[in-house]
Amino acid sequence: MKYFLFIFFILPIACFGQINITGKIVNTADKKPVPNASVFLSNATVGDKTNDDGAYVLRNVKQGQYELVVTVIGYETYRQTVMAGTDNISLPDILLTPKTTELKEVSIRPDPDWEWKYDTFKLEFLGSSALAKQCKILNPQMVDLDFDKATRKLTGSSFDFLEIENKALGYRIKYLLTRFVKDSKLNMLYYEGSTLFEEMKGSAKDKKRWLKNRKLAYEGSSMQFLRGLVGNDISSYGFKALRLIRKPNPAYNGLNEKYFQTLVNVPLTVEDFTTLTDKKGIYALKFTDCLYVMYTKKRDNDNGVYRSLTMPNYLTTILSFTEPYALFDTNGVILTPSAVNFEGNWGKNRVAEMLPVDYTPEEK
């Protein structure tokens, strides 16, 4: 991919208009319409069901890049990247492929390790924060888990959408989990899937609490930081980015320090680590060392991330890159999550802290 110099927008993100996306879902075999299919933008609050002629309308879509997902019983799940700009979008007909299922004889036996595997999955997937305590998976039977004792690796996916009730943020989440990996040897966690957020119904008191908790989850988050980069303004939100020089410790044995690290206490500018790509609305993080991002409006007593003795105990995240670029969009969403690792504050966030990509904090 070709990259150019970073260009900053004058208008804040909240000023971008909202559009509609329309289209039709048909069967690839006979080109007949597919009714009652779920069509939604992954990780957003926008979704619809197709009517009898296969038509759908996704309304009030904010500018940005999305993954459009179509799912219905009897067909393969369909995914397509859609870039929402300033004009309404009429997509070509989407062709769904019927599923071909090969029946095999299986032996169904109780899994004596199921409870342990599920508890481990739930803790890593939902998290252990105060918000996570108010999160519940309503249909745990949809989770398929496997544990390899030799590699100490827990892997999984879901047969269908996981129904998650987040009473802290006021969302009912449908999460189609395509991959989950908890590698205990490498101390690595990775999961991905398609998600639809729905507003929960509640009293005026509930809604007021949900708005407050959403704002708290947003403040200091990667979403707020990345949106600040788009507007060339991270300092007013309370962020400060520094260079962290990290070199592997050749004598590392699991008990001592894994890296030799030096924090350069000179604030970086946005241009030092952010560029604009040749695709409108898509940006790239690029940095040769680690990015050390502090959020100065909240304190943290967790010493699980590198902290200089001269630095206050602000919420801190270390970004280390596994690829030359990590792409993100105007909504503040990392589009290539495998290209960057989060350690510290952002690395601890799970589904319980997750906000839809079209979330906008209410102005006072």
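Residues numbered from 1 in each chain as written. Predicted model: local features only at pLDDT ≥ 70, side-chain atom pairs only at ≥ 80, totals over all residues. Heavy atoms only, no water.

### Here's the deal with helix α3 (residues 222-230)
Heads up, the condition is: Think of it in three bands: with a 1.4 Å probe and only protein chains considered, a residue is buried below 20% of the maximum accessible area for its type, exposed above 50%, and partly exposed in between. Elements are defined by DSSP. Helices are runs of H or I of four residues or more, strands are runs of E of two residues or more, and each kind is numbered from the N terminus.
Most of α3 sits out of view: eight of its nine residues are buried. Along α3, the positions that sit buried rather than exposed are Met223, Gln224, Phe225, Leu226, Arg227, Gly228, Leu229 and Val230. Downstream of α3 by a residue or two, Asn232 has a phi angle that is positive, lying close to 55°.

### As for the sheet that holds strand β6 (residues 64-71)
Rule in force here: For two strands to be treated as a pair, DSSP must find at least two bridges joining them. Here an axis means a line fitted to C-alpha atoms, over the contact stretch when the element is a helix, while the angle between two N-to-C directions is reported on a 0 to 180 degree scale.
In space, the four strands of this open sheet follow the order β4-β3-β6-β7, with antiparallel pairing throughout. Across the chains shown, the open sheet's two edge strands, defined by having one partner strand only, are β4 (47-49) and β7 (78-84). The average undirected angle you get between the axes of adjacent strands in this sheet is 20°.

### Considerations on the sheet that holds strand β20 (residues 290-299)
Sheet architecture is open: five strands sit in the order β17-β16-β20-β21-β23, paired in antiparallel fashion. Looking at the sheet topology across the chains shown, the edges are occupied by β17 (259-264) and β23 (340-344). For this sheet, the mean inter-axis angle between neighbouring strands, taken without regard to orientation, is 30°. Of the pairings in the sheet, the one linking strand β21 (residues 314-321) to β23 comprises five bridges and is antiparallel in character. Residue Ile318 lies in a different strand from β23, and its bridge partner there is Glu343.

### As for unusual backbone geometry
A positive phi is found at Lys31, a non-glycine position, where the angle reads about 65°. In this model, Asn232 sits at a positive phi of 55°, which is unusual for a non-glycine residue. Mapped onto the elements of the fold, Asn232 is located in the loop between α3 and β16 (239-248).

### Quick word on the packing of aromatic side chains
Here the distance between the centres and the angle between the planes together describe a pair of aromatic rings. Put simply, the rule is: Note on aromatic contacts: the rings of Phe and Tyr and the six-membered ring of Trp form a pair at centre separations within 6.5 Å, being stacked when their planes are under 30 degrees apart, edge-to-face when over 60 apart, and tilted otherwise.
Within the structure shown, the criterion is met by 17 aromatic pairs. Their ring planes at 40° and their centres at 6.2 Å tell us that Tyr118 and Phe121 sit as a pair that is tilted. Remark: Phe121 and Tyr118 occur in helix α1 (residues 114-126); sequence separation between them is three residues, near one turn of the helix. Per residue, the accessibility class of Tyr118 equals that of Phe121, and both read buried. Their ring planes at 80° and their centres at 5.1 Å tell us that Phe125 and Tyr175 sit as a pair that is edge-to-face. Separated by 50 residues along the polypeptide, Phe125 in helix α1 and Tyr175 in strand β14 (residues 171-183) bring together distant segments of the chain. This pair shows no difference in class: Phe125 is buried, exactly as Tyr175 is.

### Details of the pattern of salt bridges
This is how it is decided: A side-chain nitrogen of Lys or Arg and a carboxyl oxygen of Asp or Glu constitute a salt bridge if their distance falls within 4 Å.
A full pass over the atoms with the stated rule returns 14 salt bridges. Between Glu198 and Lys174 there is a salt bridge, and its shortest N-O distance comes to 3.7 Å. Taken as a pair, Glu198 in strand β15 (residues 188-199) and Lys174 in strand β14 lie far apart in primary sequence, 24 residues in all. For Glu198, a relative accessible area of 30% puts it in the partly exposed group. By relative accessible area, Lys174 is classed as partly exposed at 24%.

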